[in-house]
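Fold and geometry: a report
Residue strings, one per chain:
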Amino acid sequence: MISLIVAMDANHLIGSGGDLPWHLSEDLKRFKKLTTGNVVIMGRKTYDSIEARLGGPLPDRISIVITGNPEWRRDGVVVSHSLSTAVGHARLFGEREIFIIGGARVYAESLREKIPDRLYITRVEGEYTGDTWFPEIPDGYALTESEAGTQATYEVWERKS
Ligand SMILES: NC(=O)c1ccc[n+]([C@@H]2O[C@H](COP(=O)([O-])OP(=O)(O)OC[C@H]3O[C@@H](n4cnc5c(N)ncnc54)[C@H](OP(=O)(O)O)[C@@H]3O)[C@@H](O)[C@H]2O)c1
């Protein structure tokens, strides 16, 4: 199973100055619960924002980082040079769920290729300012769950077969 997980505001905003535009502990807890023990695939800029916050990769998850830089490496991180290679690397870790966790460039490519089977979308209430946006959800995905939280709605979309 390959899932994409994202939090966006009413205008599809996802990032600001290399970080998240908001602090939403409820959403971070959900992200942790879903991804712990699994494989996370991210772009190098999203990895940088995690490293700036935590000093290294997300704990208790296998991190795969995509970069075009052949020199780039970090302890505890699997490096891939394309999205398809990253997915191939992720599959080597067995029956774990694979999560595409951003950012915009990786989301866009994965949706263009219809790689995710499932989309976990947090719709954050309100409008924020920032510089990075999530693309339109392409045809071929259907909303299957929607649950109201305190400051966000948590949606699940599935790829139609
Ligand atoms: N709200 C959310 O749920 C959420 C989730 C994740 C991230 N974000 C936010 O999104 C922003 C970062 O997004 P972003 O679009 O700027 O960056 P990104 O997608 O995280 O990273 C882009 C970088 O990844 C590498 N990359 C991506 N696709 C590649 C490919 N096919 N081949 C080779 N390299 C590839 C390149 O690294 P090199 O430059 O090293 O070659 C590229 O510069 C941040 O503000 C972050 O906080 C938000």
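Quick summary incoming for the structure in this document. (Residues numbered from 1 in each chain as written. Predicted model: local features only at pLDDT ≥ 70, side-chain atom pairs only at ≥ 80, totals over all residues. Heavy atoms only, no water.)

With that out of the way, let us pick up the overall build of the protein. Within the protein, the regular secondary structure consists of four helices and ten strands. Taken from N to C terminus, the helices and strands of the protein fall in the order β-β-α-β-α-β-β-α-β-α-β-β-β-β. Relative to its length of 161 residues, the protein is compact, with a C-alpha radius of gyration of 15 Å against a globular reference of 15 Å. The buried share among the 161 residues of the protein stands at 45%. Considering only residue pairs separated by 6 or more positions, the protein has 64% of its internal contacts joining residues 24 or more positions apart. Entry remark: accessible area of the protein is about 8600 Å², with carbon and sulfur atoms responsible for 48%. Each charge class in the protein can be summarised by its mean position, and for the 19 positive and 23 negative side chains these summaries are 4 Å apart. (Helix = DSSP H or I, 4+ residues; strand = E, 2+ residues; numbered from the N terminus. Rg over C-alpha atoms; globule rule 2.2 N^0.38 Å. Buried < 20%, exposed > 50% of the residue type's maximum accessible area, 1.4 Å probe, protein only. Contact = heavy atoms within 4.5 Å. Areas by Shrake-Rupley, 256 points an atom, 1.4 Å probe, with all protein chains shown as cover. Lys, Arg positive; Asp, Glu negative; His and termini not counted. Charge placed at Lys NZ, Arg CZ, Asp CG, Glu CD.)

The next point concerns helix H4 (residues 104-112). Three or more residues of H4 are buried, namely Ala104, Val106, Tyr107, Ser110 and Leu111. Angular distribution of buried residues about the axis of H4 spans 165 degrees; they occupy a single face of the element. Opposite the buried face of H4, at more than 90 degrees from it, the exposed residues are Arg105 and Arg112. Where H4 ends, the next residue or the one after it, lysine 114, has phi of about 50 degrees, a positive value. (Arc of directions from axis to C-beta.)

This next bit is on the site of the ligand. Around the ligand there are 26 residues in total, and Ala7, Arg44, Thr46, Thr67 and Gly68 lie nearest to it. Isoleucine 66 has a polar backbone atom sitting 3.4 Å from an oxygen atom of the ligand. The fraction of the free accessible surface of the ligand (930 Å²) that becomes covered by protein chains is 85%. Counting residues per element, the ones that place at least two in the shell around the ligand are strand S1 (2-8), strand S2 (13-15), helix H2 (44-54) and H4. The biggest single contributor to the shell around the ligand is H4, with five residues. Considering only residue class, the shell around the ligand consists of nine nonpolar, twelve polar and five charged. (Near = heavy atom within 4 Å. Polar contact = N/O pair within 3.5 Å; in protein donor to acceptor, adjacent residues only side chain to side chain. Nonpolar A, V, L, I, M, F, W, Y, C, P; charged D, E, K, R; others polar.)

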